[in-house]
Amino acid sequence: MEHIVIIGNGISGVTAARHIRKLSNHKITIISAETEHFFSRTALMYIYMGHMKYEHTKPYEDWFWKKNRINLIFGFVKNIETKSNTLYFENGDTLQYDKLIISTGSKSNKFGWKGQDLEGVLGLYSKQDVDLLETLAPNKEVCKHAVIVGGGLIGVELAEMLHTRKIPVTFLVREDHFWDNVLPVGDAKMISRHILSHGIDLRLKSNLKEIQSDDNGRVNAVIIEETGEVIKCNLVGLTPGVSPNIDMIKQTNIETDQGVLVNRFLETNIENVYAIGDCAQQREPIGHRKAIEAVWYTGRMMGETVAQTICGNKMKYNPGHWFNSAKFFNIEYQTYGWVFPEPKESNKHFHWKHEDDSKCITIEYEKNSNQFLGINTFGIRMKHDIFDRWLTEKRSADYVIEHLKEANFDPEFYKTFESEILNSYSVQFKMV
Amino acid sequence: MSLAKPDSQALSKTQKFGVAIGVIGLFVMILAFFNVDFPNKTLFLSLSLVMITVGTIIFSNNAYLTKQAGIQNDGVWFKSIASRGFWGWILGIVLTLFYIVLYFKAEWLGLAVKGEANSGLVALFDPLSRLLNGGPASQWFVYGTLYTVAILVFGYKFMLKYRHNRYEQLRTVSVMFFQLAFAFLIPEFMARLNSDTFSLPYYDLKNIWPLNYYNFDKYRVDSMIEAGDIGLALLIFGIVSIFVITPILTYKYGKRWYCSWVCGCGGLAETAGDPFRHLSDKTQVAWKIERWVVHSVVVFVTLMTTAVIYSYLGNDSNKYWLTKDVFLLSVAGLLTFVFALVMIFKRKELAKDAQYGAIGYFVIIMAIIGMHYFSGTKHVFLFNTYFLQSSYGFLIGAIFSGVIGVGFYPIFGNRVWCRFGCPMAAVLGFQQRLFSRFRITTNGGQCISCGNCSTYCEMGIDVRAYAQKGENIVRSSCVGCGICAAVCPRGVLKLENDSLKGRINSNDVLLGNDVDLMDLVNQR
């Protein structure tokens, strides 16, 4: 029976722990410096918005860990001595491990802006960030104006959060259209309009130059790079992406680059040390995927896989077809397969948008063979297992459009749009 | 954790105005309760009801039409009334007291002592009562009117809140219709048919046994039989509802056809009770208690009804084919038949303690029926029929269903009765779990474990636990309200009816990972 120690109690580390427990009797310890128990980071925004309380974000009741003999340590690991398999805690404690899983997650990016460490500037990633946000921006009297820098998923969620407290938001986005480094232009434009429709002051093609403060070191304004405009504000949310949280790991023998370097088996350069989730970096990116995948689903998948390896069934991290999801204010987004902002050289896009400007799809398909490669769907719920199967079966785009009804996952009695989409597709491509 | 109650959750001026109008309308009724004798009762009653309605409409329009369509749960846990704060407790106490007075001290509401005229609050409703059924009002008429008005005005509010969701809108229209037509207007109009020679019992057609636990009481059955063909039709309809209509509809659609689309308790819960749905207890302990309590109530009502019908049946098979003995044998036969079917075909789907519970209850019921059959006394398990009947009516019908059921909305959520006490829920749920096409499908690997579904499940089901395993939700307590699917930010849940095969399908490794790993781990 070995002692498996996991640093980080997010979805990756916890999934690994659960699966290791199902497969073995190893001693398992999960360490976290963020919270005492696992909670769902995706739900942090809802705490601030008043939809849920913190305890609702915990997927397992507190007795779960003891019942499954998973030890929890609330503390900060300041060093890992791989030669002696020892962890050193900030408070002086030590812990021995037989196998170590590093799942320390991400930290918010800062790109060296002047004033980025002022009081009133924060990222949005951890529970501590949300607690800080509550004190800095409890209402629009205390926080008269907020500026968000960085147009991605976290930025738009922060905008939605502040909007529920009626705090005016200026949103600085360096791209031409919102999230157009990921979304094709038709999708990105619709999302940009949707964000504007909520009264968010969305500034596209705008970079942050610097953050200014008052005499007390408190944020009081930002300056936009392109125009020199000064925007008075009490709060600056820096959401220009995340990077692996590995500052502590860098001083150890474990090899790192941007993240902790791992092979396909999620092994680091040290024999009994693994890394999974946001903090892990594949030496060779897999397929079209990035080397670092900071996504909830891939973290979970890596946890499921590394548990097999640790319990004697060595398995490669071998993700299936790409999928992801998000929500932009009131518009839900799902993606299955690969849809690039510009179709890859041998591919084309088909785009359909509903006239009410709240639903659209984009399909990427191979030009010559018509093979369906991926779909973005906004405002229409679609089935994961159907698209996964169609991608495996290498169905044509024609087939997918014709059978789109099978993939519909909207609630009963909802209006359906498959025939409208089919019409649009037929007209555009003169289908027989 | 919130250091300062966000002022953005304060009511807008228009909403305050709407509340003020509604409260003034309510105040007229409070004045009547304190025996203010309004000269023109028709005018003041109309004024009161209209102001309550208009106030709610003004409030709802401003709360929801000023925002884009979508989920409207901002600030739910910050508002005092919706998060067990000061106003939530005040409302809970007021509702509980109202129910206690309604059930046990109706004379305080102004119900007339024999022969005299009504006074107080009840008298205010006399004009409406005379309009509908031709007679003076009673405390039940007052209750019925207020109940119906609540479902209608809060149904309107609910439809605005969920105006982006067709399922919720249609379901609410259904519930509003069934309450207005079946629970209120039809029985009131039917009362007009009553005379010295012809009398039908007050019958809400959608209220089925065992929820309608008194439907087979002697006075009602006599009344129906003596009222010619119509009466007999009502009696047969009541029986057909139990043994034919309910099983078929529950098989096809799950118990949601009743609990979320038809039932009056459900109707109030979903409309007036919507602001409290997230207060349901989600812990595993609550679920453990729930299973035992609600199934014990079914056993109680079955024994009680059997005893009641037994007590007024005859012994002479020449006079009427349904004698005491035939009845007991039929009940025993039916229960044995159902028990056998479940144990033979569905034993694996019951948890260990559920199997023991089923066997235990079955043995108890059969023993009691056996004692009866062989000894022929009026007693059932040491208690007499009247005691069983009145204690059930008191404990379950009044206290559990009314006082606790609605009074506790702001504290324990809107479905306390449905979850812990309703025998109909237990019976329908039993069928839903074992033999129904209904389920909530989960969307592959898309769940992000945020917890919105579990938080807003009024029945306290840990929906997230299923979604994050990619497992269909087939739970006996699920009433199919559809809110979990509505609040899910990633479109992971869908209520649907589909084949029974493979209905229950847990996955430890979700879709999206290595297909070989999925096969390895999900293999059962």
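Residues numbered from 1 in each chain as written. Chains lettered and ligands numbered in written order. Predicted model: local features only at pLDDT ≥ 70, side-chain atom pairs only at ≥ 80, totals over all residues.

A few points about the overall build of chain A
The secondary structure content of chain A amounts to 10 helices and 25 strands. Computed over C-alpha atoms, the radius of gyration of chain A comes to 23 Å, within 12% of the 22 Å expected from 2.2 N^0.38 for 432 residues, which places it in the range of a compact globule. Overall, chain A is about 70 × 60 × 40 Å in size when its C-alpha atoms are taken along their principal axes. Relative to its full complement of 432 residues, chain A shows a buried share of 48%. Long-range contacts, defined as pairs at least 24 residues apart, comprise 60% of the intrachain contacts of chain A with a sequence gap of at least 6. (Helix = DSSP H or I, 4+ residues; strand = E, 2+ residues; numbered from the N terminus. Rg over C-alpha atoms; globule rule 2.2 N^0.38 Å. Buried ≥ 20, exposed ≤ 12 C-beta atoms within 10 Å, placed from the backbone. Contact = placed C-beta atoms within 7 Å.)

Focus: helix α19 (residues 423-434) of chain B
Residues and elements named next belong to chain B. The end-to-end C-alpha distance of α19 is 17 Å, a good match for the 16 Å that 12 residues give at a rise of 1.5 Å each. Buried residues dominate α19, accounting for 10 of its 12 residues. Regarding α19, the residues found buried are P423, M424, A425, A426, V427, L428, G429, F430, Q432 and R433. Lining the buried residues of α19 we find α10 (228-253), α11 (256-259), α13 (284-312), α18 (416-421) and β3 (438-442). (Expected span 1.5 Å × (residues − 1).)

Digging into the sheet that holds strand β12 (residues 201-203) of chain A
Strand-to-strand pairing in sheets goes through backbone hydrogen bonds, with the strands running parallel or antiparallel. Residues and elements named next belong to chain A. What the 5 strands build is an open sheet, ordered β9-β16-β10-β11-β12; its pairing is parallel. The open sheet has two edge strands, β9 (121-122) and β12, and neither has a second partner. Both strand β10 (residues 146-149) and strand β11 (residues 169-172) contribute to a ladder of 4 bridges, which runs parallel. What sits directly across from I148, in β11, is F171. The strands touched by helix α5 (residues 153-164) are β10, β11 and β16 (235-238); relative to β11, the strand with the most contacts, the crossing angle is about 175 degrees. (Pairing = 2+ DSSP bridges. Axes fitted to C-alpha atoms, helices over the stretch in contact; angles between N-to-C directions.)

Here's the deal with unusual backbone geometry
With an omega of 10 degrees, the peptide bond between W209(B) and P210(B) qualifies as cis. Positionally, P210(B) belongs in the loop between α8 (166-192) and α9 (218-226). For D357(A), which is not glycine, the phi torsion reads 60 degrees and is therefore positive. Its place among the elements puts D357(A) in the loop between β23 (347-353) and β24 (360-366). The exposure class assigned to D357(A) is partly exposed, which follows from the 14 C-beta atoms found within 10 Å. The phi angle at S449(B) is positive, at roughly 55 degrees, despite the residue not being glycine.

Remarks on the packing of helix α1 (residues 13-33) of chain B against helix α2 (residues 41-64) of chain B
Residue and element names in this part refer to chain B. Two elements in contact, α1 and α2, have axes separated by 7 Å at closest approach and are oriented at 160 degrees. The orientation of α1 relative to α2 falls into the category roughly antiparallel. You can see that α1 and α2 cross each other, and the crossing is left-handed. Tallied by class, residues from the contact of α1 with α2 come to 16 nonpolar, 9 polar and no charged. (Parallel < 35°, antiparallel > 145°, perpendicular 65-115°, else oblique. Left-handed = near helix turned anticlockwise from the far one by under 90°. Nonpolar A, V, L, I, M, F, W, Y, C, P; charged D, E, K, R; others polar.)

Examining the interface of chain A and chain B
Listed as interface residues are 49 residues of chain A and, on the opposing side, 48 residues of chain B. Sort the elements by how many residues they give to the side of chain A that touches chain B and helix α7 (residues 296-310) of chain A lands first, with 6 residues. Among the residues forming the side of chain A that touches chain B, the class breakdown is 16 nonpolar, 17 polar and 16 charged.

A closer look at the domain arrangement of chain A
Residue and element names in this part refer to chain A. Domain assignment breaks chain A into domain 1 (3-107 + 243-310), domain 2 (121-240) and domain 3 (323-429). On a C-alpha basis, the centres of domain 1 and domain 2 stand 30 Å from each other. Across the boundary between the two partners, domain 1 contributes 10 residues, which contact 10 residues of domain 2. Secondary structure elements with two or more residues in the side of domain 1 that touches domain 2: α2 (44-49) and β8 (106-108). Here the side of domain 1 that touches domain 2 takes 5 residues from α2, the largest share from any one element. Grouping the constituent residues of the side of domain 1 that touches domain 2 by class yields 6 nonpolar, 2 polar and 2 charged. (Domains from an automatic or database assignment.)

Thoughts on the environment of K383(A)
Tracing the sequence through the fold places K383(A) in the loop between β25 (372-378) and α8 (384-392). Separated by 23 residues in the primary sequence, K383(A) and E406(A) place their C-alpha atoms 8.3 Å from one another. Filtering out sequence-adjacent residues up to four positions away, K383(A) remains in contact with A407(A), F409(A) and N443(B).

Some points on the domain arrangement of chain B
Per the domain assignment, the segments making up chain B are domain 1 (11-66 + 105-192), domain 2 (284-423) and domain 3 (437-522). On a C-alpha basis, the centroid separation for the pair domain 1 of chain B and domain 2 of chain B is 35 Å.

Focus on the packing of α9(B) against α10(B)
Residues and elements named next belong to chain B. Running from N to C, α9 and α10 cross one another at 135 degrees; their axes reach a closest spacing of 5 Å. In terms of orientation, α9 and α10 fall into the oblique class. Together, V221, S223, M224, I225 and E226 of α9 and G231, L232, L234 and L235 of α10 make up the contact between the two elements. Of the residues that constitute the contact of α9 with α10, the class distribution is 6 nonpolar, 2 polar and 1 charged.

Considerations on the environment of V416(B)
Residue and element names in this part refer to chain B. Within the fold, V416 resides in helix α18. Classification of V416 by C-beta neighbours within 10 Å gives buried; the count is 28. In this structure, the C-alpha to C-alpha distance between V416 and E290, residues 126 residues apart in sequence, is 9.6 Å.

Some details on α1(B)
Residues and elements named next belong to chain B. When the terminal C-alpha atoms of α1 are compared, their 30 Å separation across 21 residues agrees well with the 30 Å that a helix rising 1.5 Å per residue should span. Every buried residue of α1 is accounted for by G18, I21, G22, V28 and A32. Buried residues along α1 cover an arc of 95 degrees about the axis, so they all sit on one side. The exposed set on the far side of α1, more than 90 degrees from its buried face, consists of K13, F27 and I30. Elements that come into contact with the buried residues of α1 comprise α2 and α5 (120-124). Positive phi shows up at N35, right after α1, with a value of about 65 degrees. (Arc of directions from axis to C-beta.)

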